[in-house]
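Each chain is listed here by its residues.
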Amino acid sequence: MTRTWSRTSRVIAGTATALAVLTACGGGGDDASSKPDGPVTITFWGWAKGSKDVVDAFNASHKDIQVKFEEIPSGTAGGYAKISNAVKAGNAPDLVSIEYSSLPEFVSSGALQDIGDQFTEADRAKLLPQSVELTTLGGKSWAVPFDAAPQAFFYRKDLFAKYKVQVPTTWDAFKKAAEQVKKADAKARIATFFPDDPTTFEAMAWQAGAQWFKAENDTWKIDTTDPATTKVTAYWQGLLDADLVHKDASFSPEWVGSLKNGTTIGYLGASWGAGVLKGNVPELSGKWAVAPVPTWDGKPASGMLGGTSFAVTKDSRQKAAAVTFAEWMSTTEEGVKARIASGTSSAFPAAAALRPVAKKAFDASYYGGEDIYALFEAAGASINPNWSWGPTTGTTNTAIKDRFGKIAQGGPPLADAVKAGHDATVAELTKRGLKVEG
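This is a predicted model, so every value here is computed, not measured. (Residues numbered from 1 in each chain as written. Predicted model: local features only at pLDDT ≥ 70, side-chain atom pairs only at ≥ 80, totals over all residues. Heavy atoms only, no water.)

This paragraph deals with the side chain of S101. Within the fold, S101 resides in the loop between β3 (95-99) and α5 (103-108). Discounting chain neighbours no more than four positions away, the residues touching S101 are W389, G390 and T393. (Helix = DSSP H or I, 4+ residues; strand = E, 2+ residues; numbered from the N terminus. Contact = heavy atoms within 4.5 Å.)

Spelled out as structure tokens, the structure:
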């Protein structure tokens with residue numbers, strides 16, 4: 001596991017020249033380096049399940065720091081735009097949720113401040129070093145890691161049994177299983193392609209061995225036409241052309257409705273998806289199970305879909321208090337229990353020592369008592385080591401999302417969307433004055 005993560009993060013953190021733009025723009029804040037010594041109030045924006053419960057628990061147990069929480073849309077659904085606009089307007093909250101994939105972009109835009117004087121070596125020792133490295137850019141610490149998000153496949157075990165479908169372990173078997181499901185029930189599908197969520201597709205490419213962003217010396221190498229991405233693109237194009245998967249927006253009323261009526265019997269998600277299903281379709285308790293995500297050769301392999309960190313915005317005057325709260329959420333039993341005991345979160349903590357706490361706090365009866373955290377542990381260990389994120393994830397994903405939304409039988413192919421993401425990325429990096437190949 002250590003080797004898996006550290007190789008990925010070193011691609012980012014070890015290329016100081018190419019990432020100079022990241023650290024040159026980062027905010028410095030105006031906060032004293034000491035821990036807060038009086039009652040202060042901080043503001044926190046986030047969307048992760050269980051966040052309000054965590055804030056309530058923190059406020060109830062702390063006198064010196066109080067947190068005002070505002071729930072915002074998830075990053076790809078508008079949360080990042082809201083954060084960026086608030087930073088530009090000078091009224092950003094103190095602390096924000098940012099996924100690992102988007103952290104380099106926020107750093108490069110100068111929206112955040114280095115928290116290294118607060119998030120010390122002793123603090124970092126509570127978390128896996130490889131998780132810390134994902135939030136370390138140019139040798140500076142930009143956020144407190146919270147979780148990891150290995151892929152997983154959630155499925156209706158009752159309907160799989162009814163249709164006599166074996167849980168697929170390979171993508172070839174997944175296609176055959178999809179054909180069986182459709183044959184058994186003309187309205188049912190094994191899973192859904194989310195046209196509004198490029199990150200799910202990117203996790204598939206990551207799992208297959210793709211490397212979209214690669215920093216070497218002073219140059220960003222962009223490649224979305226590698227064999228791994230081409231294979232994944234062609235595979236999902238085939239599923240869509242054959243009408244073997246639904247096409248609905250992620251977590252939309254249509255998607256949730258199809259789960260409720262049994263016309264969607266599988267979900268290709270991540271570790272946090274266990275809480276999503278439990279929260280959206282509680283009436284189906286006992287009917288869902290979790291399996292490793294299918295792989296190309298049947299051997300364990302995973303990408304990462306999401307993964308949250310907590311970052312302090314550049315103008316916050318309460319950096320010490322914000323980091324104190326972020327660390328409490330990420331590194332204490334109380335913080336993890338408060339989030340997962342809410343019943344809506346199945347977070348897989350970056351702090352390995354807290355995973356037993358998370359397992360105990362999560363009511364696994366929804367999944368028939370299955371040890372889903374053991375599955376997540378194995379999936380996390382199989383995350384492909386060769387993927388890294390660049391500083392233009394928002395640009396990349398917007399271009400892909402715009403074209404994914406136009407996908408229809410006989411319409412523009414997925415390959416066009418991936419190519420658009422490539423072109424937009426190259427153009428944005430060039431605009432920023434960086435050397436680019438691709």
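Right, let's get into the sheet that holds strand β15 (residues 308-312). Spatially, β2-β1-β3-β15-β6 is the arrangement adopted by the five strands of the open sheet, whose pairing is mixed. Edge positions in the open sheet fall to β2 (65-71) and β6 (144-145), since each of these has one partner strand only. Alignment of strand β1 (residues 40-46) against β2, held across seven bridges, turns out to be parallel. Counted as the bridge partner of G46 is E71 from β2. Sitting on the sheet, helix α3 (residues 51-61) touches β1 and β2, and the angle it makes with β2 is about 165 degrees. (Pairing = 2+ DSSP bridges. Axes fitted to C-alpha atoms, helices over the stretch in contact; angles between N-to-C directions.)

Attention shifts here to the side chain of S345. Mapped onto the secondary structure, S345 falls in the loop between α15 (333-340) and β16 (348-349). The exposure class of S345 is buried, given its relative accessible area of 6%. With near-sequence residues (within four places) excluded, S345 lies in contact with K49, G275, R339, I340 and F362. (Buried < 20%, exposed > 50% of the residue type's maximum accessible area, 1.4 Å probe, protein only.)

Right, let's get into the environment of T308. Considering the arrangement of structural elements, one finds T308 in strand β15. Sequence spacing of T308 and A148 is 160 residues, and the spatial spacing of their C-alpha atoms is 7.3 Å. Filtering out sequence-adjacent residues up to four positions away, T308 remains in contact with S97, I98, E99, Y100, P145, F146 and D147.

Within the largest apolar cluster, 115 residues are counted, with the highest numbers of intra-cluster contacts made by I190, W236, F325 and Y367. Considering each element in turn, this core owes the most residues, seven residues, to helix α14 (residues 319-331). Those residues in contact with Y367 that lie beyond four places of it in its chain are F154, K157, G273, A274, L277, K278, W288, A289, V290, F362 and I372. In this structure, I72, Y80, L112 and A143 belong to the second largest nonpolar core, which totals 18 residues. (Core = buried A, V, L, I, M, F, W, Y, C linked by side-chain atoms within 4.5 Å.)

Next up on the list: the packing of helix α11 (residues 227-241) against helix α19 (residues 414-431). Contact pair α11 / α19: the axes reach a minimum separation of 9 Å and the direction vectors enclose 140 degrees. By the criterion of interaxial angle, the relationship of α11 to α19 is oblique. Residues T229, T233, W236, Q237 and L240 of α11 lie in contact with α19, whose contacting residues are L414, A415 and V418. Considering only residue class, the contact of α11 with α19 consists of five nonpolar, three polar and no charged. (Parallel < 35°, antiparallel > 145°, perpendicular 65-115°, else oblique. Nonpolar A, V, L, I, M, F, W, Y, C, P; charged D, E, K, R; others polar.)

In this section: the sheet that holds strand β10 (residues 213-216). Taken together, three strands build an open sheet; the order of strands is β10-β11-β17 and the sheet is mixed. The open sheet has two free edges, formed respectively by β10 and β17 (435-437), since each of these has just one partner strand. Taking each pair of neighbouring strands and ignoring which way they run, the sheet shows an average axis angle of 25 degrees. In this structure, β10 lies alongside strand β11 (residues 219-222), joined through four bridges in antiparallel fashion.

Our focus in this paragraph is the pattern of salt bridges. According to the stated counting rule, one finds 17 salt bridges in the structure shown. The salt bridge partner of R432 is E428, with a shortest N-O separation of 3.0 Å. Taken together, the salt bridges that share partners define one network made up of E105, E428 and R432. (Salt bridge = Lys/Arg side-chain N within 4 Å of Asp/Glu carboxyl O.)

Attention now goes to the confidence of the model for the protein chain. Considering every residue of the protein chain, the mean pLDDT works out to 89; 90% of them sit at 70 or more. Within the model, the stretch residues 1-18 combines pLDDT values under 50 with 47 contacts to residues more than four positions away or in other chains. Taken together, the stretch residues 30-34 has pLDDT below 50 and engages in 13 contacts with residues farther than four places along the chain or on a different chain. (pLDDT = per-residue confidence, 0-100.)

Right, let's talk about the packing of helix α10 (residues 198-208) against helix α18 (residues 393-404) for a bit. The interhelical angle for the contact between α10 and α18, taken along N-to-C directions, is 105 degrees, at an axis separation of 9 Å. Considered as vectors, α10 and α18 are oriented roughly perpendicular to each other. Between α10, through P198, T199, F201 and E202, and α18, the contact on the second element is made entirely by T396, N397, I400, K401 and F404. In terms of residue class, the contact of α10 with α18 is made up of four nonpolar, three polar and two charged.

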